[in-house]
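Survey of secondary and tertiary structure
Here is how the chains run, residue by residue.
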Amino acid sequence: MPASEEVVLHNNVMAKLSGKDEAKAKFFLGQKVKLLEDVKNDGTYPYLKIGDVMIKKGSVGYIRGMGEFLQVIRVYEVHFLDAEAVIEVIGCREHELEAMEPYRDLEAEETEWMIDHYKK
């Protein structure tokens, strides 16, 4: 779906898809990624001051899950293993992450495995 298309949210509210996200997810569960910019507290983390760095640029983590904010912005749940990070798991947008390994279509791999398995 092109980023310019509108989608219907709850109660018929319309919104445009985020122009920063690809139509298809850019990362897969378990994929190793690197953070491209510092993640600062925007006020949602209660134990730090607003603006304090929570996870530093260059930190490496793994995609643990993905979801959507307001049904139009894809957010990845990333587990960072950096010992210096204030918080280990945080939501990141696609433009904030860089893949450290090639993309794998896990759904296609599983489908292929199932087809091969049932042929035997």
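For the structure, check the block above.
Position numbers for residues count from 1 along each chain, tracking the sequence in the order it is written. With the structure being a predicted model, the display of local features is reserved for residues of pLDDT at least 70 and the display and counting of side-chain atom pairs for 80 or more, all residues being used for whole-chain, interface and lining totals. Based on all heavy atoms of the structure, the side-chain values leave hydrogens and waters out of the count.

**Side note on the sheet that holds strand 7 (residues 73-80)**
Stated formally: At least two bridges found by DSSP between two strands is the condition for calling them paired. Put simply, DSSP marks the helices as runs of H or I at least four residues long and the strands as runs of E at least two long, and each gets a number from the N terminus on. Lines fitted to C-alpha atoms define the axes here, with helix axes fitted over just the stretch in contact, and angles between the N-to-C directions of these axes take values from 0 to 180 degrees.
Pairing within the open sheet is antiparallel, and its 5 strands lie in the order 8-7-6-3-9. Whereas interior strands pair on both sides, the edge strands pair on one side only; in this sheet they are strand 8 (89-92) and strand 9 (97-99). Averaged over neighbouring strand pairs, the angle between their axes works out to 45° when direction is ignored. Alignment of strand 3 (residues 32-35) against strand 6 (residues 60-69), held across 3 bridges, turns out to be antiparallel. The residue of strand 6 that forms the bridge with K34 is V60.

**A look at the nonpolar core**
What counts, and what does not: The term nonpolar core refers to a set of buried residues drawn from Ala, Val, Leu, Ile, Met, Phe, Trp, Tyr and Cys, joined through side-chain atoms within 4.5 Å. The buried label applies to any residue whose accessible area, calculated with a 1.4 Å probe on protein chains only, is under 20% of its type's maximum; exposed applies above 50%, and partly exposed to all values in between. Whether two residues touch is decided by their heavy atoms; if any such pair falls within 4.5 Å, the residues are in contact.
By size, the foremost hydrophobic cluster in this structure holds 16 residues, and its most contacted members are I55, V78, I90 and L97. Among the elements of the structure, strand 3, strand 5 (53-55), strand 7 and strand 8 are those that each provide at least two residues to this core. Sort the elements by how many residues they give to this core and strand 7 lands first, with 3 residues. Among residues more than four places away in sequence, those in contact with L97 are F27, V33, K34, L35, L36, I63, Y76, V78 and C92.

**Some details on the pattern of salt bridges**
Defined as follows: The working definition used for a salt bridge is a side-chain nitrogen of Lys or Arg within 4 Å of a carboxyl oxygen of Asp or Glu.
This structure, assessed with the given rule, holds 3 salt bridges. Across the pair E77 and R64 runs a salt bridge whose closest N-O atoms are separated by 3.2 Å. Here E77 is found in strand 7, whereas its partner R64 is found in strand 6, with 13 residues between them in sequence. Its relative accessible area of 31% is what places E77 among the partly exposed residues. By relative accessible area, R64 is classed as partly exposed at 48%.

**Some remarks on the pairing of strand 6**
Of the pairings in the sheet, the one linking strand 6 to strand 7 comprises 8 bridges and is antiparallel in character. Bridge pairing in strand 7 places I63 opposite V78.

**A word on the layout of surface pockets**
Put simply, the test is: Lining residues are those with an atom within 4 Å of a point, where the points come from a 1 Å grid over the protein atoms alone and group into cavities, where a 1.4 Å probe fits but cannot get out, or pockets, open sets with protein on both sides within 12 Å along at least five of seven lines. Grid points are joined across faces, edges and corners, and a volume is the space filled by probe spheres set on the points. Residue polarity is assigned by list, with Asp, Glu, Lys and Arg as charged and Ala, Val, Leu, Ile, Met, Phe, Trp, Tyr, Cys and Pro as nonpolar; anything else, Gly included, falls into the polar class.
Its boundaries defined by the atoms lining it, the largest pocket holds a volume of some 380 Å³. Elements supplying a minimum of two residues to the lining of the largest pocket: strand 4 (39-40), strand 7 and strand 8. Counting residues per element, the lining of the largest pocket draws most heavily on strand 8, which supplies 3 residues. The residue makeup of the lining of the largest pocket, split by class, is 8 nonpolar, 2 polar and 4 charged.

**Observations regarding the side chain of E94**
Here is the rule we go by: We call two N or O atoms a polar contact when they sit within 3.5 Å, provided that within protein one can donate a hydrogen and the other can accept it, with sequence-adjacent residues counted only if both atoms are side-chain atoms.
Summarising the element assignment, E94 is placed in the loop between strand 8 and strand 9. Polar contacts involving the side chain of E94 include one to the side chain of R74, which spans 2.7 Å.

**Overview of the side chain of S59**
Mapped onto the fold, S59 is located in the loop between strand 5 and strand 6. In this structure S59 comes out as buried when scored by relative accessible area, which is 4%. For S59, the side chain forms a polar contact with the main-chain oxygen of K56, separated by 2.8 Å. When residues no more than four places from it in sequence are discounted, the contact partners of S59 are V33, K34, L35, F80 and D82.

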